[in-house]
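Fold and contact review
Chain residues, written in single-letter form:
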Amino acid sequence: MTFDLQQNAGTLWLYLSEAKARLQIQKSGRILTDVTAGVNLNDGQWHRLELAIRRGRLAVTVDQTDSSAVATSVFAAPDSVLFLGGCPGDGSGCRNPFNVFQGCMRLIRTDGALVDLIKVQQMLLGNFSDLQMDVCGIVDRCSPNHCEHGGKCSQSWSTFHCNCSATGYSGATCHSSIYEASCEAYKHKGNTSGFYYIDVDGSGPIKPQLIYCNMSDKAWMVIQHNNTELTKLKTSSGINQHLAHFNYSADAEQIRAVISQSEHCEQELSYHCRKSRLLNTPDGAPFSWWVGGSGEAHMYWGGAVPGSQQCACGLQGNCVHPEHFCNCDADSKDWSNDSGLLAHKEHLPVQSLALGDISRSGSEAAYRVGPLQCYGDGNFWNTAYFNKETSYLHFPTFHGELSADISFLFKTSSSSGVFLENLGFKDFIRIELSSPTEVVFSFDVGNGPLDVRVQTPSALNDERWHHVRAERNVKEASLCVDQHPAAVQKAPADGHIHLQLNSQLFVGGTASRQKGFLGCIRSLKLNGRTLDLEERAAITPGVSAGCPGHCSSYGGLCLNHGSCVEKYSGFTCDCSLSPFTGTFCHKELSAFFKPGTSVTYTFKEPYELNRNISAQSSSIYSDLTLRGENISLSFRTSQAPALLLYVNSYYREYLSILLNRNGHLDVKYKLAHSREAEVFRASGRNLANGQLHRVSVQRLAETLSIQVDQHEKEEFNLTSDTEFNAIKSIVIGKVLDSGEVDPEIGRLNALGFTGCLSVVQFNSISPLKAALLYPDTSPVIVTGSLSESGCGSSLLSNPHAAETTHSLTDHVGTVGTGEPIVNAINGDSALIGGVIAVVIFVSLSALAVTARFLYRRKETFQSQEPKAGKTDDSPETPFNTDPNSQSIISDNQKEYFI
């Protein structure tokens, strides 16, 4: 409302601002009065608003409870005309600097008298325009609520909005899941082991769940429950049976969906016993059983087949007492066990366990039910190959009246083709490849055909997998291809919103058999439900199940010179030619070396020098001549000088990579007997600083390049021979066969090496990897202590970096006995836990005090050392074999050792 005040006192406005009622009096651009009242007045409900002016006070009251008043000297009486809702455009002098009011008013009173709106409608009182009388036409756009999956609806006058935060879904109506449907899908995006949210049905009703993904050669989904530890049972008088119930980290519906889509599922079930029978075989009634996912009791044990009333040893015929089908049924006084995997998917997971023979004197038992583990996503690899333009698959009508999402992957060499189509009497929906660089999503819900187009900078008919995601809801339609920006088309305001289809859904073609698709379509999902393309393809001419050639799309996930190997469903990374290991050849292999540690990778003598016919058959003959080397390694040490790598030959030739007394990197080559070794020094800082450094050395004939960390490569030229003949061995750590070692290298070798070496590679040979993973089948000799360590991880050089992957370990049993390590069930567990906590706290406190004492002693000792004289970088300077010549450990490295 607005009106001019008498005596030219100014203009009064009463308007909505930020869903509050606000009153202002202005004169000549200056605000004389400013009052607000109420809150959330745009909620679509009726509110009572009162403006009162009495005796120099002006008050605004909302709903008779929220009132704001202010004293005013302004004579705030209307001059002549009151304007409600807005200003007419007839030059009346009314000004409205705010938005026009949209909404309803009723029971309008001035000076206590009710305004007769009938007379207003009859033009007998006042004037109006663009009004609906006797009806409030407000549309509640949040009823019905089109926001899905718990999204919160808010509205304006013309539309509604969905807040999808913390729902796990996205889009205009919170329809599409932001998570993958399986660990298999996360693996093929390059993710390593860790916890991930899994949404097994995409946009369907099942909520996402946090699940551990163990990425090995297979992508295992691991679903934990409340007791995966080995749990010991003790004899209790009056208790004839122990019942255990298991609560899983995912609910029953989620677990059923995971099991259904997985290729294989399994769950460990083990029973350790002493005078405690299990299934009472061969003829007795079982003492124990377990209840599966469907609620049915089962009388077979892990490793046996359903319905057999046997354990694994009974099925394999190797029970300790052959007359029984379970080891525990022999009722022995010695510890025994029956363990195995339950792998019948329809019976999983184990919901509860009943163990009966535990009440006799001398009976002892322990059980373990492992986590549910599944691999293989049948939906992710469900593929059909269309080899004719006239071929197609048909499915029942797609029902997505108010919201629909469609996602799939395709691979083709064709320039165009229809991926899918579904028709109605007038409505339709279609997705097609219209050109090598354009995908089109077309539909009609009664408002006329609409197209959503995505154009890509590179061609899509490149025989690689491409991901298409299309969504249509009452607000908009969107289309996304791979990681390119999505295209969005807004729906017409107040238009038709229901998509009504009645024909069959055609995949790979159309009903007219024109513009058919040539290529592969994989993992086709409609509203979170995967269509079984392979089942239909098996019985349809012109279409076949499966589609080979995954390395063209996923081969780039194999890192560090790992090679991609094709599988029917997916791929694996072959890391045999890489110094790395892991699912994607991404895991660094490193070990901490002590002064006496040595790893020697040996070669057989060349044929003309070989005099030992009993040489190791697993060795490799070294009768090749190398005209180049490709060497890489990472190291972390505070020792200088230090020998990092040494390669020698049967002709007394060698190369070595070392740190000189100043910690600078030297590469020494001796490829001719009659000439001195050549030394090539990389410029840069001291590398013996306890930080991780990466070294790459490459030689091709006389050209040599050295690169340290991310610095520029440095080029050198050899002036002696360019052929490295008959390699004898590759040594990292201490050289043990030092009889023919160059004297200078020998003095350096006497110190050994203390520090970390990681991902060592000489051409295609990875000696450290061979020593750590394949010591029995590789020609390696390991002397001293050597075990895999994380010391070569680049994360160690950044103390703030966090580990993103996780591992799950299982307790097996006490070493040297048959009794398992257990989580004993008894009444004193809380007391024992408290005692253990106190002991750990006291031990850690004592350790901290001791470490601080040693730290101070070390600082005192180092402060008493004499200052070192000027050092010489020259390779001709003999190495000092005095252990005290090693560089003083830096502060950071002292913390590292502590």
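Residues numbered from 1 in each chain as written. Predicted model: local features only at pLDDT ≥ 70, side-chain atom pairs only at ≥ 80, totals over all residues. Heavy atoms only, no water.

Under the annotation held in an unreviewed UniProt entry, the protein carries the name Contactin-associated protein-like 4 isoform X5 and is attributed to Danio rerio.

**Some words on the sheet that holds strand S2 (residues 11–17)**
To summarise the sheet geometry, strands pair through backbone hydrogen bonds and adopt either a parallel or an antiparallel arrangement. Read from one edge to the other, the open sheet built from four strands follows the order S1-S2-S3-S4, with strand pairing classed as antiparallel. Of all the strands in the sheet, the pair left with one neighbour each is strand S1 (2–4) and strand S4 (30–37). Ignoring which end each strand starts from, the neighbouring axes of this sheet average 15 degrees apart. Pairing of strand S3 (residues 20–27) with S4, which is carried by seven bridges, proceeds in the antiparallel orientation. What sits directly across from leucine 23, in S4, is valine 35. (Pairing = 2+ DSSP bridges. Helix = DSSP H or I, 4+ residues; strand = E, 2+ residues; numbered from the N terminus. Axes fitted to C-alpha atoms, helices over the stretch in contact; angles between N-to-C directions.)

**Comments concerning the pattern of salt bridges**
Counted by the stated rule, this structure contains 21 salt bridges. Linking glutamate 180 and lysine 189 is a salt bridge whose minimum nitrogen-to-oxygen distance equals 3.2 Å. Judged by its relative accessible area of 23%, glutamate 180 falls in the partly exposed class. With relative accessibility at 54%, the residue lysine 189 sits in the exposed group. Glutamate 432 serves as the salt-bridge partner of lysine 515, at 3.0 Å between the closest nitrogen and oxygen. Within this pair, whereas lysine 515 is found in the loop between strand S36 (505–507) and strand S37 (519–526), its partner glutamate 432 is found in strand S30 (residues 428–435), the two being separated by 83 residues in sequence. (Salt bridge = Lys/Arg side-chain N within 4 Å of Asp/Glu carboxyl O. Buried < 20%, exposed > 50% of the residue type's maximum accessible area, 1.4 Å probe, protein only.)

**A look at the packing of aromatic side chains**
Under the defined criterion, the tally for this structure stands at 22 aromatic pairs. Pairing tyrosine 554 with phenylalanine 571 gives two aromatic rings, centres 5.9 Å apart and planes at 10 degrees, and the pair type is stacked. Here the residue tyrosine 554 occupies a position in helix H6 (residues 551–554), and phenylalanine 571 occupies one in strand S41 (residues 570–574), the gap between them amounting to 17 residues. Judged by its relative accessible area of 3%, phenylalanine 571 is buried. Taken together, the aromatic side chains of Phe386, Phe408, Phe410, Phe419 and Phe517 make up a single cluster linked through ring pairs. (Phe/Tyr/Trp six-rings, centres within 6.5 Å; stacked < 30°, edge-to-face > 60°.)

**What about the state of the cysteines?**
Overall, the coordinates contain 15 disulfides when judged by the stated rule. The partner cysteine of cysteine 311 in its disulfide is cysteine 326, sulfur to sulfur 2.0 Å. Because the sign of the S-S torsion sets the handedness, a value of about 90 degrees for the bond joining cysteine 311 and cysteine 326 places this disulfide among the right-handed ones. You can see cysteine 311 sitting in the loop between strand S21 (297–298) and helix H4 (312–316) and its partner cysteine 326 sitting in the loop between H4 and strand S22 (336–342), a full 15 residues away along the chain. Residue classification places cysteine 311 among the buried residues on the basis of a relative accessible area of 1%. Given the relative accessible area of 1%, cysteine 326 is considered buried. (Disulfide = S-S within 2.5 Å.)

**Considering the pairing of strand S34 (residues 476–481)**
For S34, the buried fraction is high: six of the six residues fall into the buried class. Residue alternation in S34 divides its side chains into two sets, Glu476, Ser478 and Cys480 and Ala477, Leu479 and Val481, and both sets are buried. As paired elements, S34 and strand S35 (residues 487–490) share four bridges and run antiparallel to each other. Residue pairing for S35: alanine 477 is matched across the bridge by glutamine 489.

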